[in-house]
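# Remarks on the overall topology
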Amino acid sequence: MILSPQQIGDLRLASRWQEVRRFDMAWRSAAMKKALRTWFILLALAVAPFCPASETPPTAQVASEHFRIEVPAEHRALASQILELAESARQHIAELVPDGMDERIGLAWCATEQEFYSRLGSRRGHLLAVAVPTIRRVYLNGEKLRQLDRREFRRALIHEFMHVYLGRRIPDGLPLWLNEGLAMHAAGDWDFADGAALAAASLFGTLFTPNELARRFPADAAGQTRAYRQSYSMTAYLIHLRYPNDGLRGLLADLVQNGNIRSLVEDPVWQEEFNRQWRDRWIRPTRVILVVTSSTALWILVAALVIAAYARKRRQTKRRQARWVLEEEFTCHTDEFDD
Ligand SMILES: [Zn+2]
């Protein structure tokens, strides 16, 4: 079809008219939005004086020789108990390390999980506490910690205070497996069931290399529990290997006072040899016991004992394992925090 000059002129006019209409509608829409916004602000200003202000609950500051804690005023009595446990946990660390632990540490008691995670700026989880060595502060998840008995609470504090100590004395950091292993050794986070589970992991070929545990732990819950267990065991072997007389104290003193050992644990060649020795000399003997007994009736007994130990362990340390699992999940996202 061919258009006449008149038809072409009409089409141009119509096109121009549509453009003008579109512009007009867009302008009207923008003007209406602006007017609505203005009215909304005016309305909010008019209503504001009649709205009750959100009230912050009164808080109380309680301090001991090395700690201070801020709690809601009605928890003042609880604060004194926490400070008593904190001083005891600090004393435990001070007896392990070469140079004492005299810095004051701030404890931030969060009465609810919601408050705990909002102060950490983190997504939800099941952490018991989180240490921030750079500012000498430990955030406490009150909702979780109040479910623990005093012994478990003190162990959780020892674990976090060790992270604070290591973070302050060794700002360059340590391989994650060693940092966690040291905190677990200081707190005594280990029992028979952990040993059996580690031997089983060896049997099923699910052990990690030191390099795999150097910066972060696996994201899944089961993998993280295995990673913590292995970290404890590798740290135990390192102590056995190099500090047979002084034990954990010897390793801590060397790490703080001697840069060589810190370089050594980061060396890939050393890691490979250490890993081989740890598996051959430390893990294999336990694994052999499981294998040798597997063909006899004794295996059934051992298996039953392991299962029973597992069940007991799961009941007794359910909260601790949840912490292990989720605190790592947290550190994956915030390097500054040490849990
Ligand atoms: Zn930890």
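Preceding this section is the structure that the text describes.
These numbers were taken from a predicted model, which means no experiment stands behind them.

Cut-offs used in this document
Residues numbered from 1 in each chain as written. Predicted model: local features only at pLDDT ≥ 70, side-chain atom pairs only at ≥ 80, totals over all residues. Pairing = 2+ DSSP bridges. Helix = DSSP H or I, 4+ residues; strand = E, 2+ residues; numbered from the N terminus. Axes fitted to C-alpha atoms, helices over the stretch in contact; angles between N-to-C directions. Contact = placed C-beta atoms within 7 Å. Right-handed = clockwise from strand over helix to strand, strands pointing away. Core = buried A, V, L, I, M, F, W, Y, C linked by C-beta atoms within 7 Å. Buried ≥ 20, exposed ≤ 12 C-beta atoms within 10 Å, placed from the backbone. Domains from an automatic or database assignment. Parallel < 35°, antiparallel > 145°, perpendicular 65-115°, else oblique. Nonpolar A, V, L, I, M, F, W, Y, C, P; charged D, E, K, R; others polar. Expected span 1.5 Å × (residues − 1).

Turning our eyes to something else, we now look at the sheet that holds strand β4 (residues 129–132). As summarised here, the arrangement of the 5 strands in space is β1-β2-β3-β5-β4, forming an open sheet in which the pairing is mixed. Strand pairing shows two members of the sheet lacking a second neighbour, β1 (59–63) and β4, which therefore form its edges. On average, each strand axis in the sheet is inclined to that of its neighbour by 15 degrees, with strand direction left out of account. Relative to strand β3 (residues 105–110), strand β2 (residues 67–72) runs parallel, the two being bridged by 4 bridges. Looking at the pairing, Phe67 lines up with Ile105 of β3. Its contacts with the sheet put helix α2 (residues 76–96) on β1, β2 and β3, and the angle it makes with β2 is roughly 155 degrees. The strands touched by helix α5 (residues 150–169) within the sheet are β3, β4 and β5 (137–141), with β4 carrying the most contacts at an inclination of about 20 degrees.

Regarding the hand of the β-α-β motif, the stretch spanning β2, α2 and β3 is left-handed. Relative to β5, β3 runs parallel, the two sharing 5 bridges. Looking across to β5, one finds that Gly106 is bridged to Arg137.

Turning to the nonpolar core, a few remarks are in order. With 58 residues, the main nonpolar core has Leu107, Ala129 and Met162 as its most contacted residues. The element contributing the most residues to this core is α5, with 9 residues. Counting contributing residues, this core receives three or more from each of domain 1 (59–169) and domain 2 (176–188 + 200–285). When near neighbours in sequence (up to four residues on either side) are disregarded, Leu107 contacts Phe67, Ile69, Ile82, Ala86, Val138 and Leu140.

Here we come to the packing of helix α7 (residues 192–203) against helix α8 (residues 221–242). Remark: α7 packs on α8, axes separated minimally by 10 Å, with the N-to-C direction vectors making an angle of 105 degrees. Relative to α8, the element α7 is oriented roughly perpendicular. Along the contact surface, α7 presents Asp194, Ala197, Leu198 and Ala201, while α8 presents Arg226, Arg229, Gln230 and Ser233. Classifying every residue of the contact of α7 with α8 by side-chain character gives 3 nonpolar, 2 polar and 3 charged.

This paragraph deals with helix α6 (residues 176–187). The first and last C-alpha atoms of α6 sit 17 Å apart over 12 residues, in line with the 16 Å expected at 1.5 Å per residue. Within α6, the full set of buried residues consists of Trp177, Leu178, Glu180, Gly181, Leu182, Ala183, Met184, His185, Ala186 and Ala187. Packing partners of the buried residues in α6 comprise α2, α5, α8, α9 (247–257) and α10 (259–266). Once α6 ends, the next one or two residues include Gly188, with phi positive near 75 degrees.

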